[in-house]
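Tertiary structure, described
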Amino acid sequence: MIFLSTHESIKTFNSIIGYLTVEKNGKIVGLCGSFRKNSYNAMLLKVAGSLLPDGINFEIVSYDDIPIYNADYDIPEVSDRPESVKKFRDTLATADAFIIASPEYNYSIPGGLKNAIDWASRGKDSPLMHKPVALIGATQGMWGTVRMQTAFLPVFTFLNMNPVLQPEVLIAQAQNKFDENGNLTDDKTLSIIKIKLENLISACRV
Ligand SMILES: Cc1cc2nc3c(=O)[nH]c(=O)nc-3n(C[C@H](O)[C@H](O)[C@H](O)COP(=O)(O)O)c2cc1C
């Protein structure tokens, strides 16, 4: 992990963001690995989106209506993909980059999220291929989703995505770091997220 003071990181963040806002009016799509109403990862994703500069559009895509993956329905030339999957893929296709905020389920990627990634992964028109992605996570446990994040690495590799690996955003004991309104109250964590976002935006440069 990189530890910078909040002041240092905000200064760096603002200077890079200012440059990039002029440079490009991009879009980042966020995916949350938890569908739970009071999900800490949903809160985290919203916080991350709120830290993006004005010039960058941010959309959180919902995907809780897509079916279990079945390759028989994932061959566009033969039969159309399910409507919900098409909509999901179309939204992902509008993204220059992704933020994924997810819990760890049984030391790995939550099944719903992995299922969605599988639906978006196939074909030359996969909306994930080659794109930068920042993976972040929050857990009520002690290990901050490190095993889920490690489990994602082979997925990113196979999809030829560009994961922004540093700094790692591993939020342990999330119940102590968000307030009842979903605000992230831990300054050190906030400054690390800001650096992660800077690095994500830098990775969008051609
Ligand atoms: C099915 C399931 C499996 C879980 N497995 C893990 C785990 O492997 N490691 C961990 O730290 N927490 C685990 N947890 C606890 C979650 O990290 C915790 O519930 C977290 O708050 C879920 O994220 P959310 O608040 O975004 O829904 C698990 C929870 C569930 C429901």
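Below: a short report on this structure. (Residues numbered from 1 in each chain as written. Predicted model: local features only at pLDDT ≥ 70, side-chain atom pairs only at ≥ 80, totals over all residues.)

Check the secondary structure of the protein and you find six helices and six strands. Listed N to C, the secondary structure of the protein is α-β-α-β-α-β-α-β-α-β-β-α in terms of helices and strands. Within the protein, the proportion of its 206 residues that are buried is 36%. Within the protein, contacts between residues separated by at least 24 positions form 80% of all contacts whose residues are at least 6 apart in sequence. (Helix = DSSP H or I, 4+ residues; strand = E, 2+ residues; numbered from the N terminus. Buried ≥ 20, exposed ≤ 12 C-beta atoms within 10 Å, placed from the backbone. Contact = placed C-beta atoms within 7 Å.)

So, on to the pairing of strand S1 (residues 27-32). Of all six residues in S1, five are buried, a share of seventy percent or more. With helix H2 (residues 40-50) bridging S1 and the parallel strand S2 (residues 57-60), this β-α-β connection has right-handed handedness. When S1 meets strand S3 (residues 97-101), the two strands line up parallel, connected through five bridges. Along S3, the bridge assignment pairs Leu31 with Ile100. (Right-handed = clockwise from strand over helix to strand, strands pointing away. Pairing = 2+ DSSP bridges.)

This next bit is on the pairing of S2. The pairing of S1 with S2 spans four bridges and is parallel. By the bridge assignment for S2, Gly30 is matched with Ile60.

Our next topic: helix H4 (residues 111-119). Those residues of H4 not exposed but buried are Leu113, Ala116, Ile117 and Trp119. Relative to the axis of H4, the buried residues are bounded by an arc of 160° and lie together on one face. Elements in contact with the buried residues of H4: S1, helix H3 (83-93) and helix H5 (146-158). (Arc of directions from axis to C-beta.)

Attention shifts here to the site of the ligand. Within the structure, the ligand sits among 14 residues, and Ser34, Ser39, Asn41, Pro103 and Gly141 are positioned closest to it. Among the residues making up the shell around the ligand, the classes are represented as five nonpolar, seven polar and two charged. (Near = placed C-beta within 6 Å. Nonpolar A, V, L, I, M, F, W, Y, C, P; charged D, E, K, R; others polar.)

For the rest of this paragraph, the subject is H3. When we look at burial in H3, the residues that qualify are Val85, Phe88, Arg89 and Leu92. One face of H3 carries all of its buried residues, which in axial projection span an arc of 95°. In H3, the exposed residues that point more than 90 degrees away from the buried face are Glu83 and Asp90. On its buried face, H3 sits against S1 and H4.

Among the nonpolar cores identified, the biggest contains 50 residues, and Leu44, Phe98, Ile99 and Ile136 are the most heavily contacted of them. Setting aside its immediate chain neighbours within four residues, Phe98 contacts Ile28, Val29, Leu31, Lys131 and Val133. (Core = buried A, V, L, I, M, F, W, Y, C linked by C-beta atoms within 7 Å.)

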